[in-house]
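Summary of structural features
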Amino acid sequence: MNIIAKGTLLFYLDKYPKAKTSLLTWYHECSKMAFRNFNELKAVFGNGSIVARNRVIFNIKGNDYRLLTSVNFLRSAAYIIWFGTHKEYDKINVETISFDTRILNYNLK
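Here's a quick rundown of the structure. (Residues numbered from 1 in each chain as written. Predicted model: local features only at pLDDT ≥ 70, side-chain atom pairs only at ≥ 80, totals over all residues. Heavy atoms only, no water.)

1. Overview of the packing of aromatic side chains
Aromatic rings considered in pairs are described by the distance between their centres and by the relative angle of their planes. Applied cut-off: Two rings belonging to Phe, Tyr or Trp (six-membered ring only in the last case) form a pair when the distance between their centres is within 6.5 Å. Interplanar angles under 30 degrees mark stacking, angles over 60 mark edge-to-face geometry, and anything in between is tilted. By definition, being over a ring means that NZ of Lys or CZ of Arg is both within 6 Å of the ring centre and within 35 degrees of the ring normal.
Counted by the stated rule, this structure contains 11 aromatic pairs. Put simply, the rings of Phe11, Tyr12, Tyr16, Tyr65 and Phe83 touch in pairs and so form one group of aromatic residues. The lysine or arginine in question, Arg66, covers the ring of Tyr89, its NZ or CZ lying 4.4 Å from the ring centre.

2. A few points about the sheet that holds strand β3 (residues 55-60)
Going by this rule: Strands are treated as partners if at least two bridges between them are detected by DSSP. Helix and strand assignments follow DSSP, with helices taken as H or I runs no shorter than four residues and strands as E runs no shorter than two, numbered in order from the N terminus. Note on geometry: axes are C-alpha line fits, over the in-contact stretch for helices, and angles between N-to-C directions span 0 to 180 degrees. Any two residues whose heavy atoms approach within 4.5 Å at even a single point are treated as in contact.
Read from one edge to the other, the open sheet built from 5 strands follows the order β1-β5-β4-β3-β2, with strand pairing classed as mixed. Lying at the two open borders of the sheet, with one neighbouring strand each, are β1 (2-4) and β2 (49-52). Strand after strand, the sheet turns through a mean of 35° between neighbouring axes, direction not considered. As paired elements, β2 and β3 share 3 bridges and run antiparallel to each other. Among the inter-strand pairings, Ile50 is bridged to a residue of β3, identified as Val56. Of the strands in this sheet, β1 and β5 (77-85) touch helix α1 (residues 6-15), which is tilted by about 15° from β5.

3. Topic: the environment of Lys18
Within the fold, Lys18 resides in the loop between α1 and α2 (20-32). Sequence separation of Lys18 and Ile97 is 79 residues, and the distance between their C-alpha atoms is 24 Å. Residue contacts for Lys18: discarding those within four places in its chain leaves Lys61 and Tyr65.

4. A few points about unusual backbone geometry
Stated precisely, the cut-off is as follows: Any residue under 20% of the maximum accessible area for its type is buried, any over 50% is exposed, and the rest in between are partly exposed; the area is computed with a 1.4 Å probe on protein chains only.
A positive phi is found at Lys61, a non-glycine position, where the angle reads about 55°. Here Lys61 shows up in the loop between β3 and β4 (65-72). Unlike most non-glycine residues, Ser76 shows phi in positive territory, near 50°. Position of Ser76 relative to the elements: it lies in the loop between β4 and β5. Of the residues examined, Ser76 reaches a relative accessible area of 19% and is grouped as buried.

5. Looking at the pattern of salt bridges
The criterion, for reference: Whenever a carboxyl oxygen of Asp or Glu lies within 4 Å of a side-chain nitrogen of Lys or Arg, that contact is scored as a salt bridge.
Per the counting criterion, the structure on display carries 4 salt bridges. Residue Lys61 is joined to Asp64 by a salt bridge in which the shortest nitrogen-to-oxygen separation is 3.3 Å. With relative accessibility at 41%, the residue Asp64 sits in the partly exposed group. Across the pair Asp100 and Arg102 runs a salt bridge, and its minimum N-O distance is 2.8 Å.

Structure below.
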């Protein structure tokens, strides 16, 4: 599965260093796979849940962090929409939250 975009992942790795190992593990495992549907994804990532149309949420680092993605199974691609702590997740609407395009202008130190 193609994870879009690497810069977004790097932003969140920098913002949440305690989640780095777990988030990178998810990235590397997911990148190796080619899921044809949600059931195949769920068989590998048992903590994945559909939260809206094509949006899938993953628990990262146990249940400390949440990763919201948009998955296109036909194109074997996942787009990272949002990542944050479980507490931050409780404050967003997963069905309507948009990707923060300011992340694309983020310069890593």
